[in-house]
Amino acid sequence: MNKSSDRESIISSKRIALARGCHEISFASPEKNPPELPLLVAYTLPSGVVKTTRGFATNDGKLKARCYVFEEGFWKWEAKNLEGKCIDTGEFQTEESPFPGKLRVSQSDPRQLRYQNGKWYLHFGDNAYRFLSRDEPNWRAYIDQAAQAGFNHIRTWLSPSSDGLFLPDRKQLDLETWDAIDERLIYALQRHPEIQFEVILFGNDPDELQRFGDGDPVSHLALRYAIERFGPLPNVHWSISSGVKDSDKDAKPSLVMIADAVFGHEQWNSLTTFAGKRFDPVAFADEKWLSAHSLRSLGQVTGEAILSARAETKKPILLAEDRGEHTHPPRFPRYYFRRLFWGALLSGGMPSYSGMITSERSDHNRRGIEGYYDACNAGHLRFGAHDLLNIKKFFAETGISLENWTPDDSLSGSQPLLAKSIRSEDANECIAYIANPESFAAHSPDGYEGMHSDQVSDTSPTFTTFTLELSFSSGTVKWFSPTTGEWNGEMEITKNSTTLLTPTPGDWVVWVKRA
């Protein structure tokens, strides 16, 4: 896994750079830890567009600047100091590469995401809040095993406590901390370039958020530093905050200031999102800086919050946080998360998982950053994400992307606790997930109190029948097992209203295609 490959060239300082990678220039610094960003760098793109960025200092006494290489051809750059004196100039050529690049909103469907290379982004998120922390020893195992398990979107705090970003006197940045963050992001980029990081600025630190709003110079420096150092990396995008209510009169001005700073200074069009408190509706819906909405909820096996948000906006909807294996836990995690993933996808959203309690330091039990498979083998997790790879297998083998597909539970009986369904733009295909839970009474996805059916239910030990109401009368039905990843037969249909019986007890996926 750690052998040298072309992925090592995804960050280049040479005269050849790979498309959808990152180019870096470097100089000796006259001052080890300058009190501000020390360089002005103008990049002239092959298209003639000029992007102006700022350099940043590193702990080894260097001044560096980076750009995200998203156009092929010759790039030119000119670096000046803050007095406007030219330090150096240069150029490099971009060549095609296999790298996926940054995330973009799909041009064919504004509710979906694609990589820069045009590949549809089948989102599977995980919350690893302390992944970037200097004192987390298991970060390599975490990211390697996240890739093995099929995750491609990691939500993480820039720092568990923003105090760690600064030296104790709060007059300068702690560059050792920033180097540690950089090491983690570049390690992941070179080995798993498909994994995207949603970096939550100022993490879980409301005091730092307030300092930023009050104009604290070092807080503003930290934000600009993060933008210039990490924004050009192909695997980074931003969240202006998580868990702060956008209507909070004390917090909202700071949130708006952060969003404006990111939108105004980040030159590489990285996605920007915002996650409010649990159960909050979509926020900042009409703001230009907001690329996608992030929701925090509970019990979204039916996708109710996602469907509600889709009625308010045409932007992508990320279900950023739901139940976790240890936070508001379900009794049967593997079934719950399989059901949640399918339910969110077929509601037109993008699902996420939570395993360990990653907002806290390791206790060698439920808390901390740990590799997914290591945690399962140690008994700290109960295999909640084990069926994620089967979902990816389904979409790979069918060749389906959900761009321009429409959630439509009426196709499968309008009982989303029992069956979720979605149809293609031309209505010639549909997918239904037959959850078949043993219990579906007293379901309430909008509160904490009591035990809800999604939280306590396992799959039913019986077969189930259901009726599909289709817009066509002839076609093919194929069965897919979400637990084994295997196909289990097919049949022809000859009428619009078709009653089906699952091949075995438990949950199933059915794919129907017009003849």
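Residues numbered from 1 in each chain as written. Predicted model: local features only at pLDDT ≥ 70, side-chain atom pairs only at ≥ 80, totals over all residues. Heavy atoms only, no water.

J.: Explain the packing of helix 3 (residues 206-213) against helix 4 (residues 217-230) here, please?
T.: Two numbers describe a pair of packed helices, the interaxial angle and the distance between the axes. Relative to each other, helix 3 and helix 4 sit at 100°, their axes nearing to 7 Å. Taken together, the axes of helix 3 and helix 4 lie roughly perpendicular to each other. Residues Glu 208, Arg 211 and Phe 212 of helix 3 touch helix 4, and the partners they reach there are Ser 219, His 220 and Leu 223. Along the lines of polarity and charge, the residues of the contact of helix 3 with helix 4 split into 2 nonpolar, 2 polar and 2 charged. (Axes fitted to C-alpha atoms, helices over the stretch in contact; angles between N-to-C directions. Helix = DSSP H or I, 4+ residues; strand = E, 2+ residues; numbered from the N terminus. Parallel < 35°, antiparallel > 145°, perpendicular 65-115°, else oblique. Contact = heavy atoms within 4.5 Å. Nonpolar A, V, L, I, M, F, W, Y, C, P; charged D, E, K, R; others polar.)

J.: Looking at this model, I keep getting lost on helix 2 (residues 175-191). Mind explaining?
T.: Note that an α-helix has 3.6 residues per turn; residues three or four places apart therefore point the same way. Counted at 1.5 Å a residue, the expected span for helix 2 with its 17 residues is 24 Å, and the 24 Å between its end C-alpha atoms agrees. Extensive coverage of helix 2 is indicated by the burial of 14 of its 17 residues. (Expected span 1.5 Å × (residues − 1). Buried < 20%, exposed > 50% of the residue type's maximum accessible area, 1.4 Å probe, protein only.)

J.: How do you make sense of the pattern of salt bridges when you look at a structure like this?
T.: Here the idea is simple: oppositely charged side chains can pair when their charged atoms come close. Counted under the stated rule, the structure contains 31 salt bridges. When the shortest N-O distance is used, the salt bridge between Asp 182 and Arg 229 registers 3.3 Å. A residue pair is termed long-range when its members are at least 10 positions apart, and Asp 182 in helix 2 and Arg 229 in helix 4 qualify at 47 residues. Note on Asp 182: relative accessible area 6%, which makes it buried. Judged by relative accessible area, Arg 229 falls into the buried class, the value being 3%. (Salt bridge = Lys/Arg side-chain N within 4 Å of Asp/Glu carboxyl O.)

J.: Explanation requested: the packing of aromatic side chains in the structure shown.
T.: Each aromatic ring pair is specified by the distance between its two centres and by the angle formed by the two planes. Considering all chains together, one arrives at 36 aromatic pairs under this definition. Ring centres 6.2 Å apart and planes at 75° place the aromatic pair Phe 27 and Trp 77 in the edge-to-face group. Here Trp 77 lies in strand 8 (residues 73-81) and Phe 27 lies in strand 3 (residues 22-28), a separation of 50 residues in the sequence. Like Phe 27, the residue Trp 77 is buried in the burial classification. When the ring of Phe 466 is compared with that of Trp 479, the centres are 6.1 Å apart and the planes differ by 85°; the resulting orientation is edge-to-face. One end of the pair, Phe 466, is in strand 23 (residues 465-469); the other, Trp 479, is in strand 24 (residues 475-480), and 13 residues separate them in sequence. With respect to class, Phe 466 is no different from Trp 479; both count as buried. Taken together, the aromatic side chains of Trp 120, Trp 342, Phe 394, Phe 395, Tyr 433, Phe 480, Trp 487 and Trp 511 make up a single cluster linked through ring pairs. (Phe/Tyr/Trp six-rings, centres within 6.5 Å; stacked < 30°, edge-to-face > 60°.)

J.: I tried to follow the side chain of Lys 315 on my own but got confused; where do I start?
T.: Relative to the assigned elements, Lys 315 resides in the loop between helix 6 (304-310) and strand 18 (317-321). Salt bridges are absent for the buried Lys 315, whose nearest opposite-charge side chain, Asp 286, sits at 6.6 Å. A distance of 3.3 Å separates a polar side-chain atom of Lys 315 from the backbone oxygen of Ala 285. A distance of 2.9 Å separates the side chain of Lys 315 from the backbone oxygen of Glu 287, its partner in a polar contact. Among all residues touching Lys 315, those that are not within four sequence positions of it are Pro 110, Arg 111, Ala 285, Glu 287, Leu 290, Ser 291 and His 293. (Lys, Arg positive; Asp, Glu negative; His and termini not counted. Polar contact = N/O pair within 3.5 Å; in protein donor to acceptor, adjacent residues only side chain to side chain.)

J.: Explain the pairing of strand 24 to me, please; I cannot follow it from the model alone.
T.: The side chains of a regular strand alternate between the sheet's two faces. Burial of strand 24 is extensive: 5 of the 6 residues sit out of reach of the surface. Judged from the 5 bridges that link them, strand 24 and strand 25 (residues 487-493) form a sheet pairing that is antiparallel. Residue Val 477 lies in a different strand from strand 25, and its bridge partner there is Met 491. The hairpin turn running from strand 24 into strand 25, its antiparallel successor, is 6 residues long, and Gly 485 in that turn takes a positive phi close to 75°. Bridge analysis of strand 24 against strand 27 (residues 508-514) gives 6 bridges, and the strand direction is antiparallel. Looking at the pairing, Thr 476 lines up with Lys 513 of strand 27. (Pairing = 2+ DSSP bridges.)

J.: In this structure, what is going on with the sheet that holds strand 14 (residues 196-200)? I would like to understand it.
T.: Within a sheet, each strand pairs with its neighbour through backbone hydrogen bonds, oriented either parallel or antiparallel. If you walk across this open sheet you meet the 8 strands as 18-17-16-15-14-13-12-19, and the pairing is parallel. Edge positions in the open sheet fall to strand 18 and strand 19 (352-353), since each of these has one partner strand only. Here strand 17 (residues 292-296) runs beside strand 18; their pairing, made up of 4 bridges, is parallel. Bridging across to strand 18, Arg 296 finds its partner in Glu 321.

Any functional reading would require information beyond the geometric quantities listed.
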